[in-house]
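Structural overview
These are the residues of each chain, in order.
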Amino acid sequence: MVPFLLLLVAWGAAGLSCARLCLSAARAARRPVSGAGGRGRQLTLYEAAFLAGGPGRVADLALVSMHLRRRLLLAHTGWATVVDPEGRDEVERTVIRAIGPEGQSPIAPVRASAAAADAVRAVADRLVAAGLAVPRGADVASAVRGVRGAALLVAALGAAALLAPGDGGAAPMPVWFALPLALTLGCLALARIEAHPYGAWASPDGQRLLAACAVPGDGATGDTLVTVAVRGVDAVDDPALRAALTGRSGVRKLLGSHE
């Protein structure tokens, strides 16, 4: 009885994860009629940030940009203070609204609010329409991880079934567990052939455009913003800025000469 229950769990995990992968791959393959694969297109910083790291990366980019241009003050303690209440674009205005009327707020909720805002969603929709971003519900990378996890679970359940007491005369247990294991491994092989490279946010066309790094920069500040957009805040040289945005403080100095 116990091996049979374990087999049901194995089939359930394998079937659900493979179905999710197939649906995600099918949605990702649907390119909008207007999408041209980004040919001849140059990414903006916000677009590069979304393709590389999703909505949270766009929010990080806006925070860093406002800090470097002295419109926002980011402290290593994890607080943001508004210096100039006039944002240059809708994403920056969203950040200012998220901070609130008092002009000061912890960075984490500001980042979360900005990442979920309509302004960031508009960046995503524009990229999806151009065929550069993965549509919602088409996260092949996450689905592939789910199938890998299911394959490991099936193998573990098969090993457990061998050790569990079972009815004599039944077919060898490894044979029954080999079927869902073959299903998961086969789906992974097909995904590798048809959908690789996997991207959580960028489509294959978006990944190619991002790899070309067609992002404008303007000196040291621009280079820092390109770094944040493409590689994230962990790649920033300034340890205090990293501490402010990641919450990993170990720095005891304030950001900027005016703090």
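For the structure, check the block above.
Right, let's walk through the structure included here. (Residues numbered from 1 in each chain as written. Predicted model: local features only at pLDDT ≥ 70, side-chain atom pairs only at ≥ 80, totals over all residues. Heavy atoms only, no water.)

**Brief notes about the overall build of the protein chain**
Rules: A run of H or I in DSSP counts as a helix once it spans at least four residues, and a run of E counts as a strand once it spans at least two, with each numbered from the N terminus. A contact between two residues is defined here by any heavy atoms of the two lying within 4.5 Å. Here the open area of atoms and residues is found with the Shrake-Rupley method and a 1.4 Å probe, where only the protein chains shown may cover a residue.
In terms of helices and strands, the protein chain carries 11 helices and 3 strands. Each helix and strand of the protein chain, placed in order from N terminus to C terminus, yields the pattern α-α-α-β-β-α-β-α-α-α-α-α-α-α. A separation threshold of at least 6 residues defines the contact pool for the protein chain, and within that pool the share at least 24 residues apart is 71%. Summing over all exposed atoms, the protein chain offers an accessible surface of approximately 13,200 Å²; the carbon and sulfur share of this is 60%.

**Topic: the pattern of salt bridges**
Filter applied, for reference: Salt bridge, as used here, is a side-chain nitrogen of Lys or Arg placed within 4 Å of a carboxyl oxygen of Asp or Glu. Only protein chains enter the accessibility calculation, which uses a 1.4 Å probe; a residue is then buried when its area is under 20% of its type maximum, exposed when over 50%, and partly exposed in between.
Evaluated as defined, the whole model comprises 8 salt bridges. Taking the shortest distance from any N to any O, the salt bridge between Arg126 and Glu47 comes out at 3.1 Å. Taken as a pair, Arg126 in helix 6 (residues 118-129) and Glu47 in helix 2 (residues 45-53) lie far apart in primary sequence, 79 residues in all. By relative accessible area, Glu47 is classed as buried at 2%.

**Observations concerning the state of the cysteines**
Defined as follows: Only a pair of cysteine sulfur atoms within 2.5 Å qualifies as a disulfide here.
All told, the structure shown has 0 disulfides when counted by the stated rule. Here Cys22 is not disulfide-linked; the sulfur of Cys187 is the nearest cysteine sulfur, at 4.9 Å.

**What to know about the packing of helix 3 (residues 55-68) against helix 5 (residues 107-115)**
Packed helix pairs are characterised by how far apart their axes lie and by the angle those axes make with each other. Selection rule: Only the stretch in contact is used when fitting a helix axis, every axis being a line fitted to C-alpha atoms; angles between N-to-C directions are given from 0 to 180 degrees. Should an angle lie under 35 degrees it is considered roughly parallel, over 145 roughly antiparallel, and from 65 to 115 roughly perpendicular; all remaining angles are considered oblique. For any helix crossing, the convention is left-handed if the near helix is rotated counterclockwise from the far helix by under a right angle, and right-handed if that rotation is clockwise. In the scheme used here, Gly and all other residues not listed as nonpolar or charged are polar, with Ala, Val, Leu, Ile, Met, Phe, Trp, Tyr, Cys and Pro taken as nonpolar and Asp, Glu, Lys and Arg as charged.
Taken N-terminus to C-terminus, the directions of helix 3 and helix 5 make an angle of 120°; their axes are 8 Å apart at the nearest point. Between helix 3 and helix 5, the crossing angle belongs to the class labelled oblique. Crossing angle aside, the handedness with which helix 3 passes helix 5 is right-handed. Counting all contacts with helix 3, which are made through Pro55, Gly56, Arg57, Ala59, Asp60 and Leu63, the residues of helix 5 involved are Ile107, Val110, Arg111, Ala114 and Ala115. Residues of the contact of helix 3 with helix 5, tallied by class, amount to 7 nonpolar, 1 polar and 3 charged.

**With respect to the pairing of strand 2 (residues 79-82)**
Where we set the bar: We call two strands paired when DSSP finds no fewer than two bridges between them.
Side chains of strand 2 alternate between two faces, with Ala80 and Val82 buried and Trp79 and Thr81 left unburied. The pairing of strand 1 (residues 72-74) with strand 2 spans 3 bridges and is antiparallel. Counted as the bridge partner of Leu74 is Ala80 from strand 2. The hairpin turn running from strand 1 into strand 2, its antiparallel successor, is 4 residues long, and Gly78 in that turn takes a positive phi close to 95°. Pairing analysis gives 3 bridges linking strand 2 to strand 3 (residues 104-106), with the strands arranged antiparallel. Looking at strand 3, one finds that Trp79 is bridged to Pro106.

**Overview of the environment of Leu8**
Mapping Leu8 onto the fold places it in helix 1 (residues 2-29). Judged by relative accessible area, Leu8 falls into the partly exposed class, the value being 47%. On a C-alpha basis, the gap between Leu8 and Leu157 in space is 10.0 Å, while along the polypeptide they are 149 residues apart.

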